[in-house]
Amino acid sequence: MAENLTRRIIKSHLVSGDMVAGSEIALKIDQTLTQDATGTMAYLQFESIGIPKAKTELSVSYVDHSCLQVGFRNADDHRFLQTVARKHGIYFSRPGNGICHQLHMERFGVPGKTLLGSDSHTPHGGSLGMLAMGAGGLDIALAMAGKPFHVKMPKVVNVRLTGTLKPYVATKDIILELLRRCSVKGGVGKVFEYSGPGVEALTVPQRATICNMGAELGLTTSVFPSDEQTRHFLKAESREECFVELKTGEGFDYDEIIEIDLNTLEPLVAQPHMPDRVVPVTDLKEMKVNQVWVGSCTNANYHDMVNIAKILKGKQVHPDVSFSVSIASRQVLHMLTEEGWLNDIVDAGARILELTCGPCGGAGQSPCSGGISVRTNNRNFEGRSGTKDAKVYLVSPETAAMTALKGTLSTAEEASEQLRDYQEPKRYHIDDRMIIPPAEDGSEAEVIKGPNIKGLPEFSELQDSVTGEAVIKVEDNISTDHIIPALPEIVAYRSNIPAISEYAFSGIDASFASRCKEKQGGFIIAGKNYGQGSSREHAALAPKYLGIKAVIAVSFARIHSQNLANFGIMPLEFKNEADYGRINEGDVLEIKDLLNCLDKNTIKIKNVTKGEEYPLIHHLSEYQITSIKAGSILKLAAK
Ligand code: MIC
Ligand code: SF4
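Nothing here was measured: the structure is a model prediction, and the numbers come from that model.

Asks: Please give an account of the site of ligand 1 that cites residues and values.
Replies: Surveying the vicinity of ligand 1 reveals 13 residues, the closest of which are His-65, Asp-119, Ser-120, Ser-535 and Arg-536. A distance of 2.9 Å separates an oxygen atom of ligand 1 from a polar atom in the side chain of Gln-35. At 2.8 Å from an oxygen atom of ligand 1 is found a side-chain nitrogen or oxygen belonging to Arg-384. When ligand 1 sits alone it has 340 Å² of accessible area, and the protein chains cover 95% of it. One can see that ligand 1 is located within the largest cavity. Class assignment for the residues of the shell around ligand 1 results in 1 nonpolar, 7 polar and 5 charged.

Here is the structure:
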């Protein structure tokens, strides 16, 4: 049978490696994107490689995450990003223009291209038939320097959609259904490629919601065909010349098939504190709610906003609910204003926020103590909203809007009539004035760094024998939000590694950083799926700075294990899962003959306190082993 779309894109970008699932391949990257919170490190790293101009077809730097600007630090980061972009051939999207993934889909994404972004929701671009992947900032820096991206060849799963969604059921419910079936670990090492008659009716922004939240399945990425919907969208964005037809589904070969009959889907909700704790909304229909937020890269597009306006029109938000809305881009805001939808939203009592990520990572709108918050974003990890004991539920915009009116969790079934007749615009409003192109010749451009922007830390070479305490032991599904929270007071130090390191594990173990300093680092012991969630490499850089030598886990999430290896921390797994239970926090551990055993994959760790030894394994490529031995990939790249 013929090769599926994912494999076709991989084949046309393959620099080295065999296209055998699980083995490492190196891919040419056509486009990159960064956002401000991960971008500062990415560009500091790019600068340190010493290449004058980005070598990609297109690189864009967005500012959307930290725009609260309490104090000088965020604003200094923005100025650094703008000046460094000008110098090195990178487009700069100004704060206020919107959220990176929405903007990239609107203005830059091209079917069949590869996109690498320093944000885990970069797979959003799969909605246009791109192979769009999230990675750490260092991988983006390397891609901008013209180096290929190293990743494990994924298995390709065909997700076949049949039937039609009911008017009050959204594409958010499709991805929630997949999370219910497959779990947050179910997509590791895989790409989900969508096809079937149910796909034909879905617009590009609707597809984007599915691709975006595929990150929560642990997928390498998700991809939709490039078809008539894609042509329509690109034409409406005045970019029809970018269209190429790319087919998926019947006639192509897949490793697995998943079928969803859209007729049978009902509105779903992910319960605290995991995106896969999914149940039907009707199971929780009496639940009183304190806060509702419609926003984020997942669900704040034109279609989402028009639908909530239809539900809210002429009604008032429940007096016990704080309801806020963040629109994903200026294009969408302009159209909602021009067409009057914004009035329906404002008149119903919505609090309109800036066009940024905002509450998604806890930058404002934290719920009240013990509050129930219903949100349209993609992650509900404990504490991410900024209120430790809040409970965050993830739903579609339609469910969110009806919930805001009722004060209790509710589907939008009673608004079916209004929701039935949605029309995708023939023309989107286009205004690229908030996107600043780079200088023709950037050699004279000045890069301005504020006092909070510190240099990169030193990365020393790996020693043949390492010893230290198990400084922390954590359970399954620890997210990067647990390791380095995304709260604004902490994001302000994203370009200052010594300062941000003080916050490592601060949400779950306030003395972690001081213990590490006292004991000169050591080991992190973890359960399954360690490091799920974001691409933030600070979750590796901070432990590295604090002297962590290895993370020994039952299993890892892809981006985080890649980030650990990039910065010289060994991501090692227990060969026998039961050994996880045998190590206690505070046990003294030792690995000997490391350099040799790393090559042969025969590492053993001695528990000196208990007098026991446990075999470990790794899934590192030769390239990663070289990087770990050197202390960081950056050292190799600079050479
Ligand atoms: C997230 O949604 O967790 C973030 C904040 O966008 C992160 C990036 C970051 O930490 O800066 C992500 O998804 O990679
Ligand atoms: Fe921003 Fe949230 Fe999307 Fe991350 S998931 S890019 S914080 S809106």
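Asks: Talk me through the site of ligand 2; I want residue IDs and the actual numbers.
Replies: The local shell around ligand 2 consists of His-65, His-101, Asp-119, His-121, Ser-296, Cys-297, Cys-357, Cys-360, Asn-378 and Arg-384. Placement of ligand 2 is best described as lying within the largest cavity. In the shell around ligand 2, the residues fall into 3 nonpolar, 5 polar and 2 charged.

Asks: Give a detailed account of empty space enclosed by the protein, specifying residues and quantitative values.
Replies: Going through the model one piece at a time under the given rule, you end up with 5 cavities of 30 Å³ or more. In terms of lining, the largest cavity is formed by 30 residues, of which the most central are Gln-35, His-65, Asp-119, Cys-357 and Arg-384. Put simply, the parts of the chain that give the lining of the largest cavity at least two residues each are α2 (36–49), α4 (100–107) and α16 (488–491). As for the second largest cavity, its lining consists of 17 residues, of which Ala-215, Gly-218, Gly-533, Ala-557 and Ile-559 are closest to the centre.

Asks: How would you sum up the sheet that holds strand β9 (residues 149–152)? Please name residues and give values.
Replies: Taken in spatial order, the 3 strands make up an open sheet running β2-β3-β9, and their pairing is antiparallel. Edge strands, defined here as strands with exactly one partner in the open sheet, are β2 (14–16) and β9. With direction set aside, neighbouring strand axes in the sheet form an average angle of 45°. Taken together, the 2 bridges between β2 and strand β3 (residues 24–27) define a ladder with antiparallel strand orientation. Looking across to β3, one finds that Ser-16 is bridged to Ala-26.

Asks: For helix α1 (residues 5–13), give the residues involved together with the corresponding values.
Replies: Within α1 the residues assigned to the buried category are Leu-5, Thr-6, Ile-9, Ile-10 and His-13. For α1, the angular spread of the buried residues around the axis is 135°, confining them to a single face. Those residues of α1 that are exposed and angled more than 90 degrees off the buried face are Lys-11 and Ser-12. One side-chain oxygen of the residue at the start of α1 lies 3.3 Å from the amide nitrogen of Thr-6, identifying that residue as Asn-4.

Asks: I'd like to hear about the packing of α2 against helix α3 (residues 73–88), residue by residue, with values.
Replies: Helix packing for two helices is described by the angle between their axes and how far apart those axes are. Between α2 and α3, the least distance of the axes is 10 Å, while the angle of their chain directions is 45°. Classified by the angle between their axes, α2 and α3 sit oblique to one another. The chirality of how α2 crosses α3 is left-handed. When α2 is examined against α3, the residues Asp-36, Gly-39, Thr-40, Tyr-43, Leu-44, Phe-46 and Glu-47 are found in contact with a partner set consisting of Asp-77, His-78, Phe-80, Leu-81, Val-84 and His-88.

Asks: For the environment of Ala-390, give the residues involved together with the corresponding values.
Replies: Locating Ala-390 in the fold gives a position in the loop between β20 (372–375) and β21 (391–394). On the basis of relative accessibility, which here comes to 3%, the residue Ala-390 falls in the buried class. For the pair formed by Ala-390 and Gly-450, sequence separation is 60 residues and the distance between their alpha carbons is 35 Å. Excluding anything up to four places from it in sequence, Ala-390 contacts His-273, Pro-367, Gly-370, Gly-371 and Ser-385.

Asks: Give a detailed account of the pattern of salt bridges, specifying residues and quantitative values.
Replies: Tallied over the full model, the rule gives 39 salt bridges. A salt bridge links Glu-3 to Arg-7; the nearest nitrogen and oxygen atoms lie 2.9 Å apart. Judged by relative accessible area, which is 23%, Arg-7 ranks as partly exposed. Between Lys-288 and Asp-320 there is a salt bridge, with the nearest N and O atoms lying 3.8 Å from each other. Taken together, the positions of Lys-288 in the loop between β16 (278–280) and β17 (291–294) and Asp-320 in the loop between α10 (302–312) and β18 (322–325) put the pair 32 residues apart, joining distant regions of the chain. Ionic contacts of the salt-bridge type, sharing partners, join the residues Lys-28, Asp-30, Glu-57 and Lys-113 into one network.

Asks: Could you give an account of unusual backbone geometry, with specific residues and numbers?
Replies: That bond from Pro-272 to His-273 is cis: its omega, -10°, falls within 30 degrees of zero. By the secondary structure assignment, His-273 is in the loop between β15 (268–270) and β16.

Asks: Quick rundown of helix α6 (residues 171–182)? Include the residues and the values.
Replies: Think of an α-helix as turning once every 3.6 residues; residues three or four places apart then point the same way. Its 12 residues give α6 an end-to-end C-alpha distance of 17 Å, which sits within 8% of 16 Å, the value for a rise of 1.5 Å per residue. Within the span of α6, buried status applies to Thr-171, Lys-172, Asp-173, Ile-174, Ile-175, Leu-176, Glu-177, Leu-178, Leu-179 and Cys-182.

Asks: Please give an account of the nonpolar core that cites residues and values.
Replies: If you look at the biggest cluster of nonpolar residues, it comprises 103 residues, and the most contacted ones within it are Phe-192, Tyr-194 and Phe-323. Among the elements that make up this core, the one with the highest residue count is α10 (7 residues). Those residues within four positions of Tyr-194 in sequence are excluded, and the remaining contacts are Asn-158, Val-159, Leu-161, Ile-175, Leu-178, Val-199, Ile-210, Ser-222, Val-223, Phe-224, Pro-225 and Thr-248. Judged by nonpolar contacts, the second largest core, of 75 residues, contains Leu-81, Ala-499, Ala-539 and Ala-540.

Conventions used here
- Numbering of residues starts from 1 in every chain and runs along the sequence as written.
- As they are written, the chains are lettered A onward and the ligands numbered 1 onward, keeping that order.
- Totals for whole chains, interfaces and linings use all residues, but because this is a predicted model, local features are given only for residues with pLDDT of at least 70 and pairs of side-chain atoms are given and counted only at 80 or more.
- Computation of side-chain values: all heavy atoms of the structure, hydrogens and water removed.
- If a single non-hydrogen atom of a residue is within 4 Å of a molecule or strand, that residue counts as near it.
- Here a polar contact means two N or O atoms within 3.5 Å. Within protein one must be a hydrogen donor candidate and the other an acceptor candidate, and residues neighboring in sequence count only if both atoms are side-chain atoms.
- Accessible surface is estimated by sampling points in the Shrake-Rupley manner with a 1.4 Å probe; for residues, cover comes only from the protein chains shown.
- Within this scheme a cavity is a closed region of a 1 Å grid, computed over the protein atoms alone, that accommodates a 1.4 Å probe without allowing it to escape, whereas a pocket is open but has protein on both sides within 12 Å along at least five of seven lines; lining residues each have an atom within 4 Å of a point.
- Whether a molecule lies in a cavity or pocket depends on its atoms, and more than half of them have to be within 2 Å of the grid points.
- Residues are sorted three ways: Asp, Glu, Lys and Arg are charged, Ala, Val, Leu, Ile, Met, Phe, Trp, Tyr, Cys and Pro are nonpolar, and all the rest, Gly among them, are polar.
- Grid points are joined across faces, edges and corners, and a volume is the space filled by probe spheres set on the points.
- Numbering of helices and strands runs from the N terminus; a helix is a DSSP stretch of H or I covering at least four residues, while a strand is a stretch of E covering at least two.
- Whether two strands pair comes down to DSSP finding at least two bridges between them.
- To define axes, lines are fitted to C-alpha atoms, for helices over the stretch in contact only, and angles between the resulting N-to-C directions are given on a 0 to 180 degree scale.
- Exposed residues in this analysis have more than 50% of their type's maximum accessible area, buried residues have under 20%, and partly exposed residues fall in between, with area computed by a 1.4 Å probe over protein chains only.
- Regarding the arc, it is the one traced by the directions from the helix axis to the C-beta atoms.
- Roughly parallel here means an angle under 35 degrees, roughly antiparallel means over 145, roughly perpendicular means 65 to 115, and every remaining angle is called oblique.
- Left-handed describes a crossing whose near helix is turned anticlockwise from the far helix through less than a right angle; right-handed describes the clockwise counterpart.
- Throughout, a contact is declared for two residues whenever any of their heavy atoms are within 4.5 Å.
- Take a side-chain nitrogen of Lys or Arg and a carboxyl oxygen of Asp or Glu: if they are within 4 Å of each other, that pair is a salt bridge.
- Each helix should span, by expectation, one fewer than its residue count multiplied by 1.5 Å.
- Residue types Ala, Val, Leu, Ile, Met, Phe, Trp, Tyr and Cys, when buried and joined through side-chain atoms within 4.5 Å, form a set referred to as a nonpolar core.

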